[in-house]
Amino acid sequence: MASLLGVALLVLALPGPTVAFAPIGGGASTHESITKMALMKVIEETCRIMVEETGEVFNPTGPSQQELIQACLGPTAKGEVSGAKFRSALREITLQNGLIDMDFVNSAPHHFHSEAFLEGRGLIMEGMLAIKANIREDNFKAARETLGRILHTLQDFYSHSNWVELGYTEPYINLIRPDLPLENLANVNTPTCSDCASKTCQNQILPDILMEKKLTSGYMGIFSSAKPEGKCSHGGEEDLTSAKVPRGGISKDERRSDNVALHEAAIKTATAASIQLLEDIRSAAGDRNFLRMMGIARSSVLSFVIDTTGSMSDDIEEARSVCSEIIDSKKGTQDEPSEYILVPFNDPDFGPLIRTTDPEKMKTEISKLKANGGGDDPEMCLSGLQLALTGAPPSSEIYVFTDALAKDIALKDTIFALMRSSKSTVSFFLTAVFRRRRRSILTASFRDYQDLALASGGQAIQVSKAQLSQATDIILDTSTSALVTVLQRARSSGSAETFPFMLDESLKNITIYITGTSVTFTLTNPAGVSQNQNEANGKLGTIKTVGNLWRIRLNSDKQSGTWQININSNQLYTLKVTGQSIITFIYDFVEKFGGPHPGYAVVSGRPPAGQPVTLMLSVIGRKGPSSITVKEVGLVIVSGPEAVTNGKITDTGDGDILVTVDAVPEGEFVVVLKGTDKVSNSEFQRQSTTQMSVSKVDIQAVVDSSVEPGKTFKLPISVMTQGSGGTYTINARNDRNFPMTSQKTLTLTTGQAANDTLFITAPASTQSGTDVTLTIEAKSSSGADSNYVVLRLSVVTKITDFYQPQCEVYGVLADDCPKDLSQCGPFHWGLSANLTDGNGTGIESIALRQGNGTLTHSSLQAPIIQAQYNASCCSRIVEFIAVDKVGNVGKCYRSIAPAGGSPVLSLSLPLWLCLLLSAFAGRP
């Protein structure tokens, strides 16, 4: 079996003179490629099982991630589904993986340096527990971030230790099984390496270490050359210990002429180990939640934030009506919402956040809302919106219903930070006349709602209560899995202006929105045909107006090419052009970091001013990245003169590109992309929705562990400015209202960091798996410059149950099964097993993983759970899993042989190994 495993793993090797175990940007074989390969193997297998359970055939039309998504979410569901959220989830995991090389470059446990085996395994186990707890609470973003980090540490074990030198070709299961001890570790006084003056020796491990199978790893010194006598070094130019006898290093990060076989063996085993860890998480989470964590769901998430004060009865009824219409009209299509979120607010209360995947439950929850109280006008609108922004998945569409101003306007900067961080779009439905009043520091104005909507790419729609039902068509338009923005602009006032925009063949349901009063416009297609605001049903489309909103739905026979709209108004107005299309892009602002393994890190906050801005961008096409050509990527001011600053494009492969923009626009800007769709040979244009700007302030804070309920968590913070020094206000908020303390101000000197420590305490009653979104802002005393950082902390209860549920098969009745498989139809077989969890937390679920039969079991509350499995003799393999209340996974596996034959398999093959073997065989 070991030799067959080696052959299967060989398929996963990435040959060539590349760098492995580096973060993204380090070559073809990187932490990124290892992580993606493992993820795609497990995801594809999970999709196949889920589709086949419905009786459908899992048959992707091609190898791209987009085609996998379409096949996974159901070949019979009407409509197109975007792969953007899946691609974003993959990037989130791989970028967090790479950040270990920046945030923890000198931490031995994070890289299994310096024989820190127990500590490294502890990081992996703590992370796995947090991931499982997060998934149970639907906190998928926190789970993805942790997953990326622990995969890096796990993968480094195979490059930085002597595991493959010892001849092992399978992963070290004990690293993800805390009930199994780490054995045969070399102690600190045991020499492990011979000297290598040339630093290019093929194998420095001492013969007695190899013979005794002692486990060691290289010592790494970035700031010091000290290491115990006789110990191996990591190696490389950045490792100061490599010049101290024994010189050289055992790292297999790089593929060199002296270590080709070891380097490739480390890649193969690290990939297999990553699959093994993912399979454990998948088993604990269940297939559906595992895919949801990976962003594989119909992308539309319906999120309502609703004012419940006394005057809101009509608005609540309209929200209930539009929710029901969406649920009923989109059921069974790719536009059916994958999740529903509801946050009520009034004064002084807001919340709780209600989340469900059940449409009927969403209907019920909205029907429970009752309008009462209020009377003093301003309400806690932004507090409710904060909950929605932190609870909804990234890139969500959020709809706020209110007829009052926001009392909690002090949260405005926090809301800006959360919108930019999550890239979510917020639209307001405002059903009151906001008259001019003396500005209060405690309450908002209608202009504040407009500012927030525009910054996120949403709308501030002002209508009467009687008109509200006519305005909510925008929710039906935007609750789609494949919504894209073609153009968005805003103007405060001025003369007539013409806005050109490009429509491509892939776009459907194209809608133009204009918000503002005293607006006139003329729309013109590529052939020169025009229609103005007075033609409700014209040659180009249908125009509806309600309150301050104009909605123009283009006819389905629209022409591809360059359109234009001329708008004239002497007041503030906004323009937005949207449609449905699979062709889209995702992006992050990133910065390069150095060290032993340089790479790119996402900028959490505003990009730095005074230097070029770098974006990491992924383009999604109808047939994958190969079906798209990117021609231009640039930055454009939404509210200023029409001028795009284009960047330099570097293709890094697999649809990913780096874009460097030297001249960054002043003010708030968005990302604009133009290219060619090779499928239709038509030009396309897309635009991001979230506005961004640069800052001279930099905030650094790194979360290095989870938070235990009842304990205080300490978070070091560093703030620096390249602008004017002076007093800066530090404002820290969290969405759970957990107690926090930190300095309120810091005095900054230009170019020098000032440090602070934030203390946050999770109440002892906090549910394990809860995530906390922490927003930290630094603002100059003049208010001229500010920046922010958004962090997620996971609250995880300390676990003492590390033991898997046990399965004992005590009966197999398979004597009737014929040897000839063609005769199996009329015959059945059965299996009986006892499942226990010893002194653990108790078994929470039992589920069938392999087999087409029927699995039943006795009460999960019993100390011994009896399981019965019955199946046709045509289905001869069964595997079912038992998961306890903290996510430990136990398995039952049995295969039967034809009558008179021998067993099909003599042991249980883990699913991760089956995936590798199927990859080798060329089968899904």
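Cut-offs applied
- Residues numbered from 1 in each chain as written.
- Predicted model: local features only at pLDDT ≥ 70, side-chain atom pairs only at ≥ 80, totals over all residues.
- Heavy atoms only, no water.
- Helix = DSSP H or I, 4+ residues; strand = E, 2+ residues; numbered from the N terminus.
- Rg over C-alpha atoms; globule rule 2.2 N^0.38 Å.
- Buried < 20%, exposed > 50% of the residue type's maximum accessible area, 1.4 Å probe, protein only.
- Contact = heavy atoms within 4.5 Å.
- Areas by Shrake-Rupley, 256 points an atom, 1.4 Å probe, with all protein chains shown as cover.
- Lys, Arg positive; Asp, Glu negative; His and termini not counted.
- Charge placed at Lys NZ, Arg CZ, Asp CG, Glu CD.
- Core = buried A, V, L, I, M, F, W, Y, C linked by side-chain atoms within 4.5 Å.
- Polar contact = N/O pair within 3.5 Å; in protein donor to acceptor, adjacent residues only side chain to side chain.
- Disulfide = S-S within 2.5 Å.
- Pairing = 2+ DSSP bridges.
- Axes fitted to C-alpha atoms, helices over the stretch in contact; angles between N-to-C directions.
- Parallel < 35°, antiparallel > 145°, perpendicular 65-115°, else oblique.
- Nonpolar A, V, L, I, M, F, W, Y, C, P; charged D, E, K, R; others polar.
- Phe/Tyr/Trp six-rings, centres within 6.5 Å; stacked < 30°, edge-to-face > 60°.
- Lys NZ or Arg CZ within 6 Å of the ring centre and 35° of its normal.
- Salt bridge = Lys/Arg side-chain N within 4 Å of Asp/Glu carboxyl O.
- Left-handed = near helix turned anticlockwise from the far one by under 90°.

A.B. asks: I'm lost on the overall build of the protein in this one. Help?
C.D. replies: Counting its regular elements, the protein contains 18 helices and 39 strands. For the protein, whose C-alpha radius of gyration is 29 Å, the value lies close to the compact-globule estimate of 29 Å for 924 residues. Overall size of the protein, expressed as C-alpha extent along the three principal axes, is 85 × 75 × 55 Å. The 924 residues of the protein split such that 57% are buried. By sequence separation, contacts in the protein at least 24 residues apart represent 72% of the contacts at least 6 residues apart. Split by element, the accessible area of the protein, about 36,200 Å² in all, is 50% carbon and sulfur. Mean positive and mean negative side-chain charge positions of the protein (82 and 96 charges, respectively) differ by 2 Å.

A.B. asks: Would you take a moment to explain the nonpolar core for this structure?
C.D. replies: The tendency in soluble globular proteins is for nonpolar side chains to be buried as a group. Counting 55 residues, the largest nonpolar core has L385, F428, F589, L615, L617 and V671 as its most contacted members. Counting residues per element, this core draws most heavily on helix α13 (residues 381-391), which supplies 6 residues. Residues in contact with L385, not counting those within four places in the same chain, are V305, I398, V400, I415, V426 and F428.

A.B. asks: Looking at this structure, I do not really get the side chain of S233. What am I missing?
C.D. replies: Of note, S233 is situated in the loop between α8 (207-211) and α9 (260-285). A residue is classified by how much of its surface remains accessible, and S233, at 2% relative accessible area, is buried. Only 2.6 Å separates the side chain of S233 from the side chain of K227, close enough to count as a polar contact. With residues near it in sequence (within four places) discarded, S233 still touches G218, Y219, K227, D239, T241, S242, P246, G248, G249 and I250.

A.B. asks: Got a minute to help me understand the state of the cysteines in this structure?
C.D. replies: Such a bond, covalent and formed between the sulfur atoms of two cysteines, is termed a disulfide. Tallied over the entire structure, the rule returns 6 disulfides. What pairs with C807 in a disulfide is C892, and their sulfur atoms sit 1.3 Å apart. Classification of the bridge connecting C807 and C892 rests on its S-S torsion, roughly 95°, and on that basis the disulfide is right-handed. A residue pair is termed long-range when its members are at least 10 positions apart, and C807 in strand β33 (residues 806-813) and C892 in strand β39 (residues 889-895) qualify at 85 residues. The exposure class assigned to C807 is partly exposed, which follows from its relative accessible area of 26%. A relative accessible area of 3% places C892 in the buried class. Numbered in order of appearance, the disulfide-bonded cysteines of the protein are paired 1-2, 3-6, 4-5, 7-12, 8-10, 9-11. Here C323 is not cross-linked by a disulfide; its sulfur's nearest cysteine counterpart is in C381, at 19 Å.

A.B. asks: Looking at this structure, how should I read the sheet that holds strand β19 (residues 628-637)?
C.D. replies: Sheet strands associate in pairs through backbone hydrogen bonding, adopting either a parallel or an antiparallel arrangement. Taken in spatial order, the 4 strands make up an open sheet running β20-β19-β23-β24, and their pairing is antiparallel. Single-partner strands in this sheet number two, and they are β20 (644-646) and β24 (682-687). Neighbour-to-neighbour, the strand axes of the sheet open up by a mean angle of 30°, direction not taken into account. Relative to strand β23 (residues 669-677), β19 is paired through 9 bridges, and the arrangement is antiparallel. Of the residues in β23, the one forming a bridge with G634 is V672.

A.B. asks: Quick question: what am I supposed to make of the pairing of β39 here?
C.D. replies: Sheet faces and side chains relate simply in a regular strand, where the side chains alternate between the two faces. Counting buried positions along β39 yields 5 of 7 residues, so the element is predominantly enclosed. As judged from the 7 bridges shared by strand β38 (residues 877-884) and β39, these two strands associate in the antiparallel manner. Within the sheet, the bridge partner assigned to I877 lies in β39 and is S895. Here β38 folds back onto β39 in antiparallel fashion, the turn holding 4 residues, of which G887 has a positive phi close to 100°.

A.B. asks: When you look at the packing of helix α11 (residues 313-329) against helix α12 (residues 359-368) in this model, what are you seeing that I'm missing?
C.D. replies: Relative placement of two packed helices is described by the angle separating their axes and the distance separating the axes. Relative to each other, α11 and α12 sit at 170°, their axes nearing to 10 Å. Comparing the axis directions of α11 and α12 gives the class roughly antiparallel. Here α11 contributes I316, A319, R320, C323, S324, I327 and D328 to the contact with α12, which in turn contributes P359, M362, K363, I366 and S367. The class makeup of the residues in the contact of α11 with α12 is 7 nonpolar, 2 polar and 3 charged.

A.B. asks: Is there a simple way to explain the sheet that holds β39 in this structure?
C.D. replies: What the 3 strands build is an open sheet, ordered β35-β38-β39; its pairing is antiparallel. What marks the edges here is a single partner per strand, and that holds for β35 (843-850) and β39. The sheet shows a mean angle of 15° between the axes of neighbouring strands, direction not considered. As paired strands, β35 and β38 are joined by 6 bridges and run antiparallel to one another. What sits directly across from L848, in β38, is F880. Strands in contact with α9 are β35, β38 and β39; relative to β39, the strand with the most contacts, it is inclined by about 95°.

A.B. asks: What exactly am I supposed to notice about the packing of aromatic side chains here?
C.D. replies: When we look at a pair of aromatic rings, we describe it by the centre distance and by the angle of the planes. Inspection of every chain in the model, using the stated rule, returns 18 aromatic pairs. Both rings, one in F112 and one in F117, keep their centres 6.1 Å apart while their planes meet at 35°; by these two values the pair is tilted. Per residue, the accessibility class of F112 equals that of F117, and both read buried. Seen from their ring centres, F157 and W163 are 5.9 Å apart, and the 55° between their planes marks the pair as tilted. An identical accessibility class is assigned to F157 and W163; each is buried. Ring pairs connect the aromatic residues F112, F117, F157, Y158, W163, Y168 and Y172, which therefore count as one cluster. Residue placement shows K213 over the ring face of Y168; its charged tip is 4.9 Å from the ring centre. One cation-aromatic arrangement involves K423 over Y587; the distance from NZ or CZ to the ring centre is 4.9 Å.

A.B. asks: Just to check I follow, could you spell out the pattern of salt bridges for this structure?
C.D. replies: Opposite charge on two side chains permits pairing when their charged atoms draw close. Overall, the coordinates contain 50 salt bridges when judged by the stated rule. Ionic pairing is found between E339 and R292, a salt bridge with its closest N-O pair at 3.7 Å. One end of the pair, E339, is in strand β2 (residues 339-345); the other, R292, is in helix α10 (residues 287-293), with 47 residues separating them in the sequence. A relative accessible area of 6% places E339 in the buried class. Taking relative accessible area as the criterion, R292 reaches 15% and is therefore assigned buried. Residues K368 and E365 are paired through a salt bridge, measuring 3.5 Å at the closest nitrogen-oxygen approach. Highlighted residues: K368 and E365, both in helix α12, separated by 3 residues, approximately one helical turn. Within the structure, one salt-bridge network assembled from shared partners comprises E32, K36, R87, R91, K423, D588 and D656.

A.B. asks: Sorry if this is basic, but what is going on with the packing of helix α2 (residues 31-53) against helix α3 (residues 65-72) here?
C.D. replies: In contact at an axis separation of 9 Å, α2 and α3 are set at 25° when each is read in the N-to-C sense. By the angle between their directions, the pair α2 and α3 is classed as roughly parallel. As for how α2 packs across α3, the hand of that crossing is left-handed. Counting all contacts with α2, which are made through M40, I43, E44, C47 and V51, the residues of α3 involved are Q65, L68, A71 and C72.

A.B. asks: Which parts of the structure should I look at to understand the side chain of S794?
C.D. replies: Mapped onto the elements, S794 comes out in strand β32 (residues 786-794). For S794, the contacting residues outside a window of four places in its chain are N134, A142, S706, V707, T770 and D771.

A.B. asks: Help me understand unusual backbone geometry in this model?
C.D. replies: Of all residues except glycine, most have a negative phi; of all peptide bonds, most are trans. Residue P246 is bonded to the preceding V245 through a cis peptide linkage, with omega at -5°. Tracing the backbone shows P246 in the loop between α8 and α9. Following D347, the chain continues into P348 via a peptide bond in cis, with omega recorded as 15°. Within the secondary structure layout, P348 lies in the loop between β2 and β3 (354-356). Of note in this structure, S395 is not a glycine but carries a positive phi near 60°.

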